[in-house]
Amino acid sequence: MCLDPGHGGKDPGAIGISGTYEKHVAFAAARELGRQLEASGRYKISLTREDDVFIPLEDRVALAQSRGASLFISIHADALLDHSVHGASVYTLAAEASDAQTASLARRENAADRYAGLGMVGVSPQVAEILASLVRRETRVGSAEMQQHIVASLGQEMTLLEHPARHAGFAVLKAADIPSVLVEMGFMSNSHDEAALRQAGHRAMVANAIRRAVDSYFAAEGHPARNTG
Ligand SMILES: [Zn+2]
């Protein structure tokens, strides 16, 4: 299983009201989730970054594929223009965004590669549609199932965003053969979410909820846990 702490290095991700960097919160949460999953003895975990380094989105997908991952979970805490919006939400890849807020979220996420100096500022709707069409049907079904497990599990522990299961053209979710989801643990643009995500105890609770969702996902029929990656 591959865990993907969002952003890193020269890409700080969102910067919170009181100055918290998304890249640090995402890394701490992903590492805690990896620790909990490994402690269960049931999964082999790899992270797309082990340090505070910049990794282009394309490379994150390639890493998951080269390690034979059976699941890809990208961990984020982005910012929205509306600072009152708070709560956790889970995203899958689709050509059409579920709503305007998610469309702009995906645009900003995809623009992370501008830090690579590739001159690429986001993925156009046409490219997003091509990405989505490359993903196999079984992979899309697996992603949607994983999304539902995480939404259900997180919902038992914390506030969720309204309509917490959303979708858009996130480039980091485009692996054709690996069910992939992106978790927004909360939003750095909301002072309550930012304060919570600064707490190791809160991040451990979020990680625990995702771990339970992973267990439920693999317990369901048809999702053998490949003990690699
Ligand atoms: Zn992010």
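Residues numbered from 1 in each chain as written. Predicted model: local features only at pLDDT ≥ 70, side-chain atom pairs only at ≥ 80, totals over all residues. Heavy atoms only, no water.

A.B. asks: Hey, could you go over the coordination of the zinc ion for me, with residue numbers and the actual values?
C.D. replies: The zinc ion binds to the protein through H7 (NE2), E22 (OE), H76 (ND1), D78 (OD), D78 (OD) and E109 (OE), with metal-donor distances spanning 2.0 to 2.6 Å. Of note is the zinc ion, whose six donor atoms meet at the metal with angles of 52 to 157° in an arrangement that counts as irregular. Its relative accessible area of 3% is what places H76 among the buried residues. (Donors = N, O, S within 2.8 Å, 3.2 Å for Na, K, Ca; no water. Tetrahedral: all angles 85-135°; square planar, octahedral: opposite > 155°, others 65-115°. Buried < 20%, exposed > 50% of the residue type's maximum accessible area, 1.4 Å probe, protein only.)

A.B. asks: Report on the pairing of strand 6 (residues 180-184), specifying residues and quantitative values.
C.D. replies: Put simply, side chains in a regular strand alternate between the two faces of the sheet. Burial analysis of strand 6 places five of its five residues in the buried class, the great majority of the element. Residues of strand 6 alternate between two faces, with S180, L182 and E184 on one and V181 and V183 on the opposite face, all of them buried. Examined bridge by bridge, strand 3 (residues 72-76) and strand 6 share five bridges and lie parallel to one another. Bridge assignment links S74 to a residue of strand 6, and that residue is L182. (Helix = DSSP H or I, 4+ residues; strand = E, 2+ residues; numbered from the N terminus. Pairing = 2+ DSSP bridges.)

A.B. asks: Give me unusual backbone geometry: which residues, what numbers.
C.D. replies: The backbone of H7 shows a phi angle near 65°, a positive value even though the residue is not glycine. Along the chain, H7 turns up in the loop between strand 1 (2-5) and helix 1 (22-39). Given the relative accessible area of 6%, H7 is considered buried. Within the chain, H163 stands out as a residue other than glycine whose phi angle is a positive 45°. Mapped onto the secondary structure, H163 falls in strand 5 (residues 160-168). Judged by relative accessible area, which is 59%, H163 ranks as exposed.

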